[in-house]
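An overview of the molecular structure
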Amino acid sequence: MTDHDKNTYQALFDQNPDALIACPACDTLHKAVPVRTGHIARCTQCHFKLMDPKPDTLTRTVALSITASILMVTMLCFPFLTISQAGLTGEVSMLEIIFDLSHGWYNILAVMVAAFVLALPIVRMIALIYVMWPLHQGRPPPPAAQQIFLFAEKLNPWAMTEIFIVGTVVALIKMMGLATIGFGTAFWLFCGLVVVVALKNAAVCRWTVWSLIRKSPS
């Protein structure tokens, strides 16, 4: 970047910080220009996706977050797996799986499963609903909307619903020769939850949400 470019960007930043956007991958500064829905703005240096406006991003994100929250709560009320061996059959729910792990060193694993598979995903969904619902209704953003949306974005890499279902399937394949494994209602609800969460993450347009939060009166 030349000295002229640096001076230009500094002047723009001094006048309006929102007029610039920095690439999250390489920190290259760009002028924030409007991008039409369906088009993608990429970094001129590393081609990282900067803006990707999606149609009805607020409606879809709120709807999918509510759906995922309902699936999460409903899943806890049904058996996750059924195990049959030597004529004996037992059912285990998601919460029972976590409680059964709560022994000795497995306490760490139980806490991790409870946090990364249940707690963090539901907290992120609630945070997205809290921020986006008023915006979807055309109202000003709620108190602390910027901090809560930023918190929700930081939680995204740690919400590991899809990792758990992959690990479960791998473990069940190894157990098939030892016992008869059946999938309970909660298992299929969890599979649906993974799909809904993936669709929700794809529906979020961060640039649109940040723009609405900053433009709306506090």
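See the structure above.
Treat the numbers as computed from the prediction; the structure is a model and nothing was measured.

**A few points about the nonpolar core**
- Membership of the largest hydrophobic core comes to 28 residues, with the highest contact counts inside it found for M75, F80, M94 and F190.
- Those elements that provide at least two residues to this core are helix 2 (57–75), strand 5 (79–85), helix 3 (94–100), helix 4 (106–136), helix 6 (161–175) and helix 7 (185–203).
- With nine residues, the single largest contributor to this core is helix 7.
- The residues touching M94, leaving out its near neighbours within four places in the chain, are M75, L76, F80, V113, V117, L118 and F164.
- Core analysis: the second largest hydrophobic core is formed by 13 residues, L58, L128, V131 and V204 among them.

**Structural notes on helix 5 (residues 145–155)**
- Every buried residue of helix 5 is listed here: A145, F149, A152, E153 and L155. Viewed along the axis of helix 5, the buried residues span an arc of 160°, placing them on a single side of the element. Set apart from the buried face of helix 5 by more than 90 degrees, the exposed residues are Q147 and K154.

Rules behind the numbers
- Residues numbered from 1 in each chain as written.
- Predicted model: local features only at pLDDT ≥ 70, side-chain atom pairs only at ≥ 80, totals over all residues.
- Heavy atoms only, no water.
- Core = buried A, V, L, I, M, F, W, Y, C linked by side-chain atoms within 4.5 Å.
- Buried < 20%, exposed > 50% of the residue type's maximum accessible area, 1.4 Å probe, protein only.
- Helix = DSSP H or I, 4+ residues; strand = E, 2+ residues; numbered from the N terminus.
- Contact = heavy atoms within 4.5 Å.
- Arc of directions from axis to C-beta.

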